[in-house]
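# A closer look at the structure
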Amino acid sequence: MSATEEVIKPDFAGQQKHFIFNEDHDRLRESIGAFVEKELTPHAEEWEETTFPDSVIKRMGELGFLGLSMPEEYGGQGGDYYCNLVLAEEMSKSGSGGLAMGVAVHTDMAMPPIHLFGTEEQKQEWLVPAIKGEKILCLGITEPDAGSDVSGIKTRAVRDGDEYVINGSKTYITNGHRADVIVLVTKTDPDAGYDGFSLFLVPMDAPGVIREKKLEKLGMHASDTALLAFQDVRVPASAMLGQEGKGFFHIMWELQGERLIGAAGCVAGAQVCFDKTLEYAMERQAFGRQIGKFQVIRHKFAEMATKIEAARQMTYMTAWRFNNGEYPVREISMAKLYSARIAVEVADECIQIHGGAGYMKEYGIERVWRDMRLNRIGAGTDEIMLDVIGRSYGL
Amino acid sequence: MNDSLDLRPDFSAAGAAVPPFTAEHEAFRASARGWIERELLPHADEWEADKWYPNEMFGAMAEQGFIGLKFDPAYGGDGDEVAAAVLAMEMARCGSGGVAAGLGAHMEIALPPIAKFGSEEQKQRWLVPGIKGELIAALAITEPDAGSDVAGLRTTARPVDGGWIVSGEKCYITGGCRADVLVTAVRMAGTERHDGITFLAIERGEGVESSALEKLGWHASDTALIKFDDVFVPEENLLGDVGQGFALIMANFQWERLTMSLGAVGAMEVCFEQTIKYAQEREAFGRPISKNQVIRHKFAEMATKIEVGRALSLHALRLHVSGQNAVGEVTKAKLFTQKAAVEVADECLQIHGGAGYMVEYGIERALRDARLGPIGGGTDEVMREILGKTLGL
């Protein structure tokens, strides 16, 4: 076999670099990676019980990790979109899906609309402190009676003089128990169809905002998930974010960035699971050899590696388009669909390869399996992704 | 990024050319596609039925400069590997996997070893006329008793004065019935496994017998069983060094698998486009069948496979053309795309309903043609073995 080995000698450790990342990204990756390894990963298990502390956000703000692609004038790092990808990938290595998700909601879901649609006052009030990590953001779209059908939301904002009065209910709200402000999707004109929605920046300590319930979930335990009620909550008219009546389209835009970041997180999380499992398969012995040397196991790893690389390339190619000024809704949907799906498949196969140990909390694989399962649903279900993709062809 | 406050996606807008393709490559793509659809596609049915396409097509391809795209301009080529990759994607537009494979094999797997390992004299003898389409080459490695296990090949070269006497058998050789020269892997007499594997360029002549094998698909392509019955091969026909053959084989596989990956992406697109049109026209229960959510989602799944396959293949291509060793990436791309192409063709057949089963609609041919992909150029199982090895397993 020596000739074969000679031919396949080159170093395969680590993936071959993609052209979207330059040396600055590499340095950023190293510095975030070091922070994650030192200050986050050791607490992952503990935070599954308690959820992660607010101080994590503060610390990340101090380190400049929360405004990587935000303008320097607001305290951001002024980087490109790829910096956000790097953050999502490195956060996935913390071993805590809930932690990664909570931070991502802050940096890549609630923050971008404030930056893009906010007035100068709004940016000073919320964007600047959010980048510092002094204020925590969350996003309120989903309601008990409206998830996939965003246009079916019923939370109402009614104009009353200089104010709006908001009534309604939001559920599955990540960071809902810790956030200082919520980017809230409301209906301002019930007769205007898709043109009847508006966004508001609602302080979470406003009278009438009720954190009704802490929702218990299959996974993402390090993340607090809220059922919220809004009872006659009054906000000044100046709290409207973006244009009146354009809320639906504003949030559709937000969802694109959210989905692509989600895809990146899925790929990175799958890779971490894979790497851990490969190590396990090289150590664990059965029937006189490392289990990784059984052909069936070897081929499971080959299939997983292929799926992960495929998802990675789809995500990077789409990020390239996005950063290039395109609005690749179709490709983003594909990247999200595919990445979420393979992450779940990889996690499941990794449990299987671990055998009994895979079922034990101690090995951390079952946590990834539980955490990943959300991604086929959150930020747009598989079924919605398929519908968006299908409709993009005129079907 | 976009500053608009009212962003709606424009799905009809073509995005920028994805690296390594440039706008020039995309213009070349359009013109190559046009030529293929005008000059090859109208003959697909006839060539499939005849189980043969004319040798003249090599000359026709050469006239367009298609054969020489990636080869050194010193021999009549263009020195543009990326353009060759574009053409590989467009070959599926010819409507016959067999024609695409036959014309492709000459360009992508048979001539490259001569270009890479041939002497100046050998390049003048075979590469120059090969690029002109005046000479047809075929690659002969696989044997009845050795496919995946290349090192198990047994065609033997016994040294004699001035050359070797070669005897043995090769099978599944694309272009093997028509080729003027067979780029053949043999083993030096008395050697075992990888040691002694050597490439000889064997010209058709005395002792070389070929016959066509009947297949599930690739009907237009002559796939040969070849017998070498004590064939004299002169020293001048040695490609590279004695015993260097295995490295030559491995080196060739990467480009072959890359073109297969890209070709599969192109083939999936053809199937998809045809089927979407069908679904939008065909009515059932009072509306186009495309309006059924299940059908819409089938298209969405297929489109996703195509785009993911494209992303994976282009990544491998970028690494390859930049001179980096991309064995892992190329292997993943080949593994993913070939299976995807079978699944897409199958789903497209399903969407066509009864019409999908009829020869007239061309979909059943696409499925039969696609089915070789997970086997030829290295089986799925071998791809997984390679990937396993890259992981240290």
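## Thoughts on the overall build of chain A
Scanning chain A from N- to C-terminus turns up 13 helices and 10 strands. The C-alpha atoms of chain A give 22 Å as radius of gyration, which agrees with the globular expectation for 395 residues (21 Å, within 12%). In terms of its C-alpha atoms, chain A occupies a principal-axis envelope of roughly 80 × 45 × 40 Å. The buried share among the 395 residues of chain A stands at 53%. For chain A, restricting intrachain contacts to residue pairs at least 6 apart in sequence, the fraction spanning at least 24 positions comes to 72%.

## Digging into the nonpolar core
One finds F200(A), V183(B) and L200(B) to be the most contacted residues of the largest nonpolar core, which totals 250 residues. If you tally residues by element for this core, the top one is helix α7 (residues 245–281) of chain B, at 17 residues. Ignoring sequence-local partners within four residues, the contact set of V183(B) consists of A110(B), P113(B), I114(B), A137(B), L139(B), A140(B), F199(B), A201(B) and L239(B).

## Focus on the domain arrangement of chain A
All names here are of chain A. Domain boundaries in chain A define domain 1 (23–136), domain 2 (139–245) and domain 3 (249–391). Listed per partner, the contact involves 9 residues of domain 2 and 8 residues of domain 3. Split into classes, the residues belonging to the side of domain 2 that touches domain 3 amount to 6 nonpolar, 3 polar and no charged.

## Looking at the domain arrangement of chain B
Residues and elements named next belong to chain B. As assigned here, chain B comprises domain 1 (23–134), domain 2 (139–244) and domain 3 (247–390). The C-alpha centroid of domain 3 is placed 21 Å from the C-alpha centroid of domain 1. Listed per partner, the contact involves 21 residues of domain 1 and 17 residues of domain 3. Sorting the residues of the side of domain 1 that touches domain 3 by element identifies α4 (81–90) and α5 (97–117) as the ones contributing at least two each. Here the side of domain 1 that touches domain 3 takes 10 residues from α5, the largest share from any one element. Looking at the side of domain 1 that touches domain 3, its residues break down into 11 nonpolar, 4 polar and 6 charged.

## Quick notes on the interface of chain B and chain A
Listed per partner, the contact involves 48 residues of chain B and 50 residues of chain A. For the side of chain B that touches chain A, the elements supplying multiple residues, two or more each, are α7, α8 (293–321), α9 (327–352) and α12 (380–390) of chain B. The leading source of residues in the side of chain B that touches chain A is α8(B), at 14 residues.

## Regarding the pairing of strand β5 (residues 197–203) of chain B
Residue and element names in this part refer to chain B. Within β5, 6 of the 7 residues are buried, which leaves the element mostly enclosed by the surrounding structure. Taken together, the 7 bridges between strand β4 (residues 181–188) and β5 define a ladder with antiparallel strand orientation. Bridge pairing in β5 places T184 opposite L200. As defined by bridge partners, β5 adjoins strand β8 (residues 238–239) across 2 bridges and the pair is classed as antiparallel. Paired with F199 across the bridge in β8 is L239.

## Let's talk about unusual backbone geometry
Omega for the peptide link from P19(B) to P20(B) comes to 15°, which places this bond in the cis form. By the element assignment, P20(B) lies in the segment before α1 (23–39). If you check the backbone angles, T51(A) has positive phi at about 65° while not being a glycine. Note on placement: T51(A) falls in the loop between α3 (44–50) and α4 (55–62).

## Observations concerning the environment of W52(B)
Residues and elements named next belong to chain B. Position of W52 relative to the elements: it lies in the loop between α2 (44–50) and α3 (56–63). Of the residues examined, W52 has 18 C-beta atoms within 10 Å and is grouped as partly exposed. With 216 residues separating them along the chain, W52 and M268 place their C-alpha atoms 24 Å apart. When residues no more than four places from it in sequence are discounted, the contact partners of W52 are W47, A220 and D222.

## With respect to the packing of α8(B) against α9(B)
Residues and elements named next belong to chain B. Running from N to C, α8 and α9 point in directions that differ by 155°, and their axes come no closer than 9 Å. Classified by the interaxial angle, the pair formed by α8 and α9 is roughly antiparallel. The two elements α8 and α9 meet at a crossing, and its hand is left-handed. Here α8 contributes I295, K298, M302, K305, G309, L312, S313, H315, A316, L319 and H320 to the contact with α9, which in turn contributes E329, V330, K332, A333, F336, T337, A340, E343, V344, E347 and I351.

## Some words on the environment of F197(A)
Residue and element names in this part refer to chain A. Looking at the element boundaries, F197 is found in strand β5 (residues 197–203). The class for F197 is buried, based on 25 C-beta atoms found within 10 Å. Linking F197 and T155, residues 42 residues apart in sequence, is a C-alpha distance of 9.8 Å. Contacts of F197, omitting those with residues within four sequence positions, involve V185, T186, K187, T188, G247 and F248.

## Focus on helix α11 (residues 363–370) of chain B
All names here are of chain B. The buried fraction of α11 amounts to 6 of the 8 residues, a majority that puts the element mostly inside the structure. Those residues of α11 not exposed but buried are I363, R365, A366, L367, D369 and A370. Packed against the buried residues of α11 are α2, α5, α7, α9 and α10 (354–357).

## Brief notes about the packing of helix α10 (residues 329–354) of chain A against α8(B)
Interaxial distance between α10(A) and α8(B) falls to 10 Å at its minimum, and their mutual angle equals 90°. With respect to their mutual orientation, α10(A) and α8(B) come out roughly perpendicular. For the pair formed by α10(A) and α8(B), the contact residues are E331(A), M334(A), L337(A) and Y338(A) on the first element and A303(B), T304(B), E307(B) and V308(B) on the second. Looking at the contact of α10(A) with α8(B) residue by residue, the class counts come to 5 nonpolar, 1 polar and 2 charged.

## Some details on the confidence of the model for chain A
With 96% of its residues at a pLDDT of 70 or more, chain A has an overall mean of 95. Below pLDDT 50 for its whole length, residues 1–14 of chain A participates in 11 contacts with residues either more than four positions away or in separate chains.

Reading the values: the criteria
- Residues numbered from 1 in each chain as written.
- Chains lettered and ligands numbered in written order.
- Predicted model: local features only at pLDDT ≥ 70, side-chain atom pairs only at ≥ 80, totals over all residues.
- Helix = DSSP H or I, 4+ residues; strand = E, 2+ residues; numbered from the N terminus.
- Rg over C-alpha atoms; globule rule 2.2 N^0.38 Å.
- Buried ≥ 20, exposed ≤ 12 C-beta atoms within 10 Å, placed from the backbone.
- Contact = placed C-beta atoms within 7 Å.
- Core = buried A, V, L, I, M, F, W, Y, C linked by C-beta atoms within 7 Å.
- Domains from an automatic or database assignment.
- Nonpolar A, V, L, I, M, F, W, Y, C, P; charged D, E, K, R; others polar.
- Pairing = 2+ DSSP bridges.
- Axes fitted to C-alpha atoms, helices over the stretch in contact; angles between N-to-C directions.
- Parallel < 35°, antiparallel > 145°, perpendicular 65-115°, else oblique.
- Left-handed = near helix turned anticlockwise from the far one by under 90°.
- pLDDT = per-residue confidence, 0-100.

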